[in-house]
Amino acid sequence: MRAFLVERYGDKAGVRAGEVPDPEPGADDVLVRIQAASINPLDRMIRDGEMKTILPYRVPFALGNDLAGVVVEVGPAVTRFAVGDEVYARPDKDRIGTFAERIAVHQDDVAIKPTTLTMEEAASLPLVALTAWQVLVERAHVQPGQKVLIHAGSGGLGTIAIQLAKHLGAHVATTTSTANVDLVKRLGADVVVDYKKQAFETVLHDYDVVLDSLGGETLKKSLDVLKPGGKVISVAGPPDAAFGRELGANPIIRLVMSALSFQTRRRARRRNITYSFLFMKASGDQLRELTPLIDAGRIRPVVDTVFPFESTREALEYVEAGRAKAGKVVLKMT
């Protein structure tokens, strides 16, 4: 089968199209013929070797973390799916490779595709929708009336997180550029901070939760907008020891992670705020929780551009160059 492979880390030219053997599904796996996949910032980080410490893939390997497609084979222990089912998924972190014609995925990580979506729309959702769910529902326990700040509201994660936070009954603020102010308002944002005109930390205050997808100075300044007892949950900031324990990392790696986040955690403690790092996990059950919200129109995907599968390298460059205006970039199988 065709796949786009990382042949060497840290080099755009290290990704190439190639032929690899078809995957062999295990007892609990479904074999999916991929019809669409989407690109995430995580793909660039993996390609460039930034995640090697925690995700040590052996080259060559297929890139890609989101898919929508059709089940073409099921393992003998599979009970939830049958051949012909239309599904979507974010494969487990140890089994990525959706920039390919087929993939074998554990049945626990797969869900039936929302009926109201095209394959391209469905492929844009799993990683960002699961991240939004795990931040806002699992980690933050957002309640009606709480104030939530979602950074980068026009991005792949932001567009979904705004909609989910509104569904949960939150008062939502977001940051975005001038060009996307109207978009994030349509998605449900109550307060929009145009970062080209305003500094969010000067206009927002007493928030309960911040979802940080930018890290760096944005994360540091986010502490100032939270009220005592608030939570900042970052998918881009320094990892913490709790994440190391989730990974099952050795004590040295956990110590390094703790050291990386020490300054941020100390600043947070001084303000009586909780900082935590989140690396989303695959979950078919959570996708099944999200699917009715999607089919009811409570959460709608935002797709920037669809590239043919053969143009995967060009699509990666398009994303990396910041040319996507809003939402996700999707690959379509031909």
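The written sequence of each chain sets the order in which its residues are numbered from 1. Owing to the predicted nature of the model, reporting of local features is limited to residues with pLDDT of at least 70; listing and counting of side-chain atom pairs is limited to 80 or more, with chain, interface and lining totals taken over all residues. With hydrogens and water set aside, each side-chain value is computed from the structure's full complement of heavy atoms.

K.L.:
How would you sum up the overall build of the chain? Please name residues and give values.
P.N.:
Counting its secondary structure elements, the chain contains twelve helices and 16 strands. Each radius of gyration reported is based on C-alpha atoms, and the globular scaling rule is 2.2 Å times the count of residues to the power 0.38. Against the globule reference of 20 Å for 334 residues, the chain gives a C-alpha radius of gyration of 19 Å, in line with a compact fold. Its C-alpha atoms give the chain principal-axis dimensions of roughly 55 × 45 × 40 Å. With 334 residues in all, the chain has 54% of them scored as buried. Contacts between residues were defined by any pair of non-hydrogen atoms, one from each residue, lying within 4.5 Å. Expressed as a percentage of contacts within the chain between residues at least 6 apart in sequence, the contacts between residues at least 24 apart total 69%. Under the convention used here, a 1.4 Å probe and the Shrake-Rupley method define accessible areas, while residue burial counts only the protein chains that appear. As displayed, the chain offers around 14,200 Å² of accessible surface, 51% of which is attributable to carbon and sulfur atoms. In this count, Lys and Arg are taken as positive residues and Asp and Glu as negative ones, while His and the chain termini are left out. The atoms used to mark charge sites are NZ of Lys, CZ of Arg, CG of Asp and CD of Glu. Distance from the positive charge centre (43 side chains) to the negative charge centre (41 side chains) of the chain: 7 Å. Strands are runs of DSSP state E lasting at least 2 residues, helices are runs of H or I lasting at least 4, and numbering of each runs from the N terminus. Here the term buried applies to any residue with accessible area under 20% of the maximum for its type, exposed to any over 50%, and partly exposed to those in between, with areas from a 1.4 Å probe on protein chains only.

K.L.:
With reference to specific residues and values, describe the nonpolar core.
P.N.:
Within this scheme, the nonpolar core is defined by two criteria: the residues are buried Ala, Val, Leu, Ile, Met, Phe, Trp, Tyr or Cys, and they are joined through side-chain atoms within 4.5 Å. In this structure, Ile-46, Phe-99 and Leu-136 are the most contacted members of the largest nonpolar core, which totals 104 residues. Ranked by residue count, the leading element in this core is helix 3 (residues 126-139), at eight residues. Once residues within four sequence positions are removed from consideration, Leu-136 is found in contact with His-141, Val-142, Val-148, Ala-161, Leu-164, Ala-165 and Leu-168. Of all hydrophobic cores here, the second largest spans five residues; its members include Met-1, Leu-5, Ala-62 and Ala-100.

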